[in-house]
Each structure stands twice: as C-alpha cells, then as structure tokens.
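Chain by chain, the residues:
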Number of protein chains: 2
Amino acid sequence: MGRPLQIDRISVLEAGLRIADEDGLQAVTMQGVAGALCVTPMALYRHVANKADLLDGLVELLLTDVPLPPDTMAWRERLEWMGEAVRGAAQRHPAVFALLLQRPAATAGALVVRDAVYQALREAGVAEPEVARTERVISTAILGFAGSEAGGRFGSRSRQEVDADFAAVEAMVSAYLDQVCGVSRPSVPSD
Amino acid sequence: MGRPLQIDRISVLEAGLRIADEDGLQAVTMQGVAGALCVTPMALYRHVANKADLLDGLVELLLTDVPLPPDTMAWRERLEWMGEAVRGAAQRHPAVFALLLQRPAATAGALVVRDAVYQALREAGVAEPEVARTERVISTAILGFAGSEAGGRFGSRSRQEVDADFAAVEAMVSAYLDQVCGVSRPSVPSD
DNA sequence: ACCTGAACACCGTTCAAGT
DNA sequence: ACCTGAACACCGTTCAAGT
C-alpha cells in the first residue's frame, strides 16, 4: 500500500477497483477510497466529479483489463480470445462487472472492444448491415454468461462444470456465426 | 396510494417494487418505503429482516410477474413464451431485474421458472444429463439480453431495432436447441 | 493547485419504550 | 403484536479555509 501524498485520477480509480475486488461494491465509499489513499474524502472531489463518476471510471478501468488478441490471429480465434478475455475480466472484477450491463456500451473502453469484434465479424464475411446486430447478439450471450458467473447466479457449481457451460455458450455463438456468415455446416437453404 | 394502518410483508415489498420501478434502485431506502406506507422506517423491521432481505423480496416479487405459458402449448412455443415473459418483466421492472444476475438462481421464484424450462426441454427430447446445462445456456442468453435492454446498455436504439435484436437472440437459441435435441436442420454429423 | 475542517442531509440499524 | 422516539455510526456532498 504505497501512500503517495500526491493523488491523481488514476490512483483514485485503482484504489476503488482494489476495494471493489476485495470487499464488493458496497465497500466502495468515498471515505473508504480516501482512507486507502491516506487522504480525506473531500480530496477525491478534485479528481472525480462525484461517486457516479468514480463508478463510471471503475468500469472503464475494468475494460482496459480486457486484453485484445494479436492481429496475426484468424478471426474465429480472435473472437474466442475476446470471449475468454471478457470472462477473465469478470472473474477478476466481479463487483464492477455487474455495472457493465447497467450503462450504455458507448464509453471509450467499450468501443475499443466492440470495434475489435466488428473487425473480426467483417473478416468472417458478415455482411456490413448485419455486423452491428451480430455484435450485439454475441456480446449479449457472453456478457450474460460472464455476468451470471461473476454475480454468483450459478451458485456453488464446480469450476469444471462452469467451464463446460461456457464451452456450450461458445459453441452456440459459433454455430450462430456460421449461420450469419453463410458458410460451413450447410443446411436447409431457407430464407 | 392506499395507506392501510396495518402493514405486512407483501405490502412492504409492493411498495418497494413500485418505488424501484418509478425512481430506480437508489430510491429504495428504508425511509422511502416506510414513507410510502405512512409508517416510520423502524416499523419495516418487523416484516423484513433488513435491507438485503427487502431486496431479495423484490427479486422474488419480480419473478412472480413472469407469467408461465399454458400447458396446452407445444414445447417450442412455451420456450418462446417464457423468453418473452422474462423480457417483459425486465421492461416493467428494470431496476430490480439488474439484481437477478447478482444472486443464486435457487430461490422459490427462480425454481418455478427453471423447472418450467426443464419440462419443455425434456419434451423437446433433450437427453436428461443435458437438460440442466441447456437451461443454463439459454437462460444466460435471454437474461443477458433482457438485462442489457433493461440496464440501458443498448443506449437509445429504437424499439424496432431492439425487437429485431431479440428476434436474433431467439433464433440463435432456437438453432442451439435443434442441435442439442438432435433433430431438424440436419448437418455434418460430427461428434 | 491541492488538500482539510466543519457542517449538512440522509442512510441502515439498535434498543427501549409505548399502545 | 405492532409501531414509535431517540440515538448511533456511516454515507455523499458543500463550502470556506488553509498551505
């Protein structure tokens, strides 16, 4: 616990994220974050507008903790990578992850991830007008799973069982992608 | 706003749900709920153990607001019905819906919905050891979508566009089900 | 420019007391 | 049995003041 007697926005957010990870969202108070930085609560207001801004900042910080895949990877592997990266971020930051579904996916950090998915979908051959919707559909499935796991909705199931659940979600998403980009697994040529 | 001078657990929860629906979760305070019932905050403690218990009760109340389909419906229509019923409950109670992903899906209300899905999956021909996992996978997708919509993650998109997104999620889930129960849309007979 | 002290309204919760 | 009054520790936030 370094206690720099000079505070900035990043150190405030990092302290908040650490508290959220360790003790949950209800432990993230202005007094708690200030205490972790050896400062009075009022000192925080120079670096965050208010508590809502602090929480927004935590979500952004979480999003920077989603590693993007290297460009050299094929699109399908890149999508798998990102799904697992999102799940990993949810596991590391379960409390803050719950806030992700709660706000518009239009912040800087959210756009970085979204655009990486867009790019992979284009390479997969998804028609341009379908790209945005396809991203929302697969993000919805991945976020629903990661959020459920992080939030504890799956209860005390074993790690192996939850891993198998995630593999099933990935398979569902993958089959959906095959359908959308119109290749592999050829089936009834309806509409 | 009837003000019965006799209070019970149901009236406390209903007041809490109304406040959550109208003004959001942060407006659900012991004082706020008590005020709506024309009672002091301390009076609530005879009917709910504490605030966490009140919130748990709100989630249960929301779950009773998910109408189950009539038995006479075929399994696929019943699953569609439940997906739309969950989405509807999320739209009516967006604030409380956010709490759903946050707690174990093992409460009485959650089990009622879960078991209805189990039953439909069995009729669909899903093998018994796959029923539980399949339920988790499709619930994950539906909850992820409904939670995103209710939480505002989709931003200010038009109702029509969000409806189309939901239809795409339903299609993804439906195709997954075809795969799991092994019928229709025959494709490459791999593993 | 950055932090502090004092203060305010508002939380959740308790306990003893009223009826 | 059910509700209230008084009280406590703890919130978020402000404003004027210190350095």
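Refer to the structure presented above.
Residues numbered from 1 in each chain as written. Chains lettered and ligands numbered in written order. Predicted model: local features only at pLDDT ≥ 70, side-chain atom pairs only at ≥ 80, totals over all residues. Heavy atoms only, no water.

A. Representation of the relation of the copies chain A and chain B in the model. The transformation that overlays chain A on chain B combines an axial shift of 0.0 Å with a rotation of 180 degrees, and the residual RMSD is 0.0 Å. Both copies are brought into coincidence by an operation consistent with a two-fold rotation axis. Ranked by how close their C-alpha atoms come to the rotation axis, the residues of chain A are headed by Gly-144 of chain A, at 1.8 Å. Of the residues that chain A buries at the interface, 100% are likewise interface residues in chain B, meaning the two copies contact each other through the same surface. (Least-squares fit on C-alpha atoms with pLDDT ≥ 70 in both. Contact = heavy atoms within 4.5 Å.)

B. Local environment of the packing of helix H4 (residues 75-92) of chain A against helix H7 (residues 128-151) of chain A. All names here are of chain A. Where H4 meets H7, the axes come as close as 9 Å, and the angle between the chain directions of the two elements is 25 degrees. With respect to each other, H4 and H7 are oriented roughly parallel. In the crossing of H4 with H7, the sense of the turn from one axis to the other is right-handed. Contacts from Gly-83, Val-86, Arg-87, Ala-90 and Gln-91 of H4 reach H7 at Ile-142, Leu-143, Phe-145, Ala-146, Glu-149 and Ala-150. Among the residues forming the contact of H4 with H7, the class breakdown is seven nonpolar, two polar and two charged. (Axes fitted to C-alpha atoms, helices over the stretch in contact; angles between N-to-C directions. Helix = DSSP H or I, 4+ residues; strand = E, 2+ residues; numbered from the N terminus. Parallel < 35°, antiparallel > 145°, perpendicular 65-115°, else oblique. Left-handed = near helix turned anticlockwise from the far one by under 90°. Nonpolar A, V, L, I, M, F, W, Y, C, P; charged D, E, K, R; others polar.)

C. Layout of the protein's contact with DNA strand D. As a matter of local geometry, DNA strand D sits amid 16 residues, with Met-30 and Lys-51 of chain A together with Thr-40, Met-42 and His-47 of chain B nearest to it. Backbone atoms, meaning sugar and phosphate, make up 55% of the atoms of DNA strand D lying within 4 Å of the protein. Take Met-30 of chain A: an N or O atom from its main chain is 2.7 Å from a phosphate oxygen of DNA strand D. Here Thr-40 of chain B contributes a side-chain N or O atom positioned 2.8 Å from a phosphate oxygen of DNA strand D. When its residues are assigned to classes, the surface near DNA strand D shows eight nonpolar, six polar and two charged. (Near = heavy atom within 4 Å. Polar contact = N/O pair within 3.5 Å; in protein donor to acceptor, adjacent residues only side chain to side chain.)

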